[in-house]
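Read off the chains here:
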Amino acid sequence: MLTIVEQEQGEPHETSLETLTLARELADAPLEVVVFGDEGAGVADTLGAYGVGTVHHVVGDGFDTYAPEARAESVVELIEELDPEAVLAPGTDRGHETLAHVGADLDLPVAANCIAVEPGEVYELSRHRWGGSLTEHARLDAETKLLTAAEHEFPIEEATEPTEPAVVEFEPAVDDERFRVKVERFEESDLEGVPLGEARVVVGGGRGVGGPDGYDQLEELADALGGTVGASRAAINEGWRPHDDQIGLTGAEISADIYIACGISGAVQHMVGTKGADAILAINTDPEAAIIQKAEYAVIGDLHEVVPALNEAIEAES
Ligand SMILES: Cc1cc2nc3c(=O)[nH]c(=O)nc-3n(C[C@H](O)[C@H](O)[C@H](O)COP(=O)(O)OP(=O)(O)OC[C@H]3O[C@@H](n4cnc5c(N)ncnc54)[C@H](O)[C@@H]3O)c2cc1C
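For the structure given in this document, a descriptive report is provided here.

Cut-offs used in this document
- Residues numbered from 1 in each chain as written.
- Predicted model: local features only at pLDDT ≥ 70, side-chain atom pairs only at ≥ 80, totals over all residues.
- Axes fitted to C-alpha atoms, helices over the stretch in contact; angles between N-to-C directions.
- Helix = DSSP H or I, 4+ residues; strand = E, 2+ residues; numbered from the N terminus.
- Parallel < 35°, antiparallel > 145°, perpendicular 65-115°, else oblique.
- Left-handed = near helix turned anticlockwise from the far one by under 90°.
- Contact = placed C-beta atoms within 7 Å.
- Nonpolar A, V, L, I, M, F, W, Y, C, P; charged D, E, K, R; others polar.
- Near = placed C-beta within 6 Å.
- Pairing = 2+ DSSP bridges.

Some details on the packing of helix 3 (residues 68-82) against helix 4 (residues 93-106)
Okay, step 1: Between helix 3 and helix 4, the shortest axis-to-axis distance is 8 Å and the interhelical angle comes to 55 degrees. As summarised for this structure, helix 3 and helix 4 are arranged oblique, according to the angle between their axes. Like other packed secondary-structure pairs, helix 3 and helix 4 cross with a definite hand, here right-handed. Across the interface between the two elements, Pro68, Glu69, Arg71, Ala72, Glu73, Val75 and Val76 from helix 3 touch Glu97, Thr98, His101, Val102, Asp105 and Leu106 from helix 4.
Okay, step 2: A class-by-class count of the residues in the contact of helix 3 with helix 4 yields six nonpolar, two polar and five charged.

Things to note about the site of the ligand
Okay, step 1: Lining the immediate environment of the ligand, one finds 28 residues, of which Gly206, Gly208, Arg233, Gly248 and Ser265 sit closest.
Okay, step 2: Elements with a minimum of two residues in the shell around the ligand: helix 6 (233-237), helix 7 (268-271), strand 15 (279-284) and helix 9 (303-317).
Okay, step 3: Grouping the constituent residues of the shell around the ligand by class yields nine nonpolar, 15 polar and four charged.

Points about the sheet that holds strand 13 (residues 228-231)
Okay, step 1: Strand order in the open sheet made by the five strands is 13-12-14-15-16, with parallel pairing throughout. Here the strands that pair on one side only, and so sit at the sheet edges, are strand 13 and strand 16 (297-300). The sheet shows a mean angle of 20 degrees between the axes of neighbouring strands, direction not considered.
Okay, step 2: In this sheet, strand 14 (residues 258-262) lies alongside strand 12 (residues 201-205) in parallel orientation, the contact comprising five bridges. Residue Val202 lies in a different strand from strand 14, and its bridge partner there is Tyr259.
Okay, step 3: Against the sheet, helix 5 (residues 215-224) engages strand 12, strand 13 and strand 14, with an angle of about 170 degrees to strand 12.

Considering the packing of helix 5 against helix 9
The packing of two helices is summarised by the inter-axis angle and the distance between the axes.
Okay, step 1: Two elements in contact, helix 5 and helix 9, have axes whose closest approach is 9 Å; the angle formed by their N-to-C orientations is 35 degrees. Seen from above, helix 5 lies across helix 9 with left-handed handedness. Here Gln217, Leu218, Glu220, Leu221 and Ala224 of helix 5 come into contact with helix 9, specifically with Val307, Pro308, Leu310, Asn311 and Ile314.

Here it is as structure tokens:
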């Protein structure tokens, strides 16, 4: 059982530890992991608690940065050497991308976003489709099973028998051509305030807000409640808000105590980003809008009247 572990400064990412919980469910021997990056070997200090026997640390020019095709080729070389029953990756963008390349290189199927896996000659599995709005039951029949673990579906658990992982350096022979896609630099977002995914209160604005200026009242409400403003893709496409504000399938997932959705219809691609919210308050002129069915609380009315009234009421209370 081989697991791709993502790390930063030698610390494994939480989603990789979640993936190791699944790997231990499937394997009856100490786990093997593959890790990239100059500081990658540092994960060995942590991974003993998770039952990892061997850390394969990929070294060589170009591997300190994210290069999906090159990473995939090194995983392919490891598969040829180790012949694992399965290769698991975290259900992150990078985990999916790397494993998809592995699948393409070896002409093997990939099961993405698994939430339950029953091992055997053929794996029976359940997996998220459409950002988790559907669950698919599927069979994975391949000589080497390639699968990703859906994020936050497997609680991080330590192994009952800790190990002392051996670190094995591995220098694959990867063509330069496989580095044609790689991360060259990072840019810090210049947005201030609490990130959307961490905010306890999120005030979302959609097409119903009507324009960029309409967000002033939403900002005021978010500030008063110690929250952050988000938006639907329609509002982003209109150029009213930056892409960092987008909530949904192709944006951020929120985990707020309350999500106040203003002028948002409740399209499935938007709602998958709000599954982590404890409660939704929808403000919408249309009582038939899909979001009204999905919300715990709703105000049927014009947001340009309701939100200022809320701001005034909060101001009067403080
Ligand atoms: C592959 C794919 C990925 C996508 N990813 C995302 C994603 O990540 N996030 C996302 O949001 N969308 C995503 N979308 C788009 C999604 O399908 C919807 O088109 C989008 O969410 C609609 O945005 P909206 O609710 O703001 O606009 P609309 O659907 O136009 O809804 C506007 C709402 O505002 C209400 N309204 C109008 N005026 C007022 C007013 N004055 N006061 C109160 N209410 C008012 C209306 O009744 C209506 O319900 C994706 C689509 C595709 C195909």
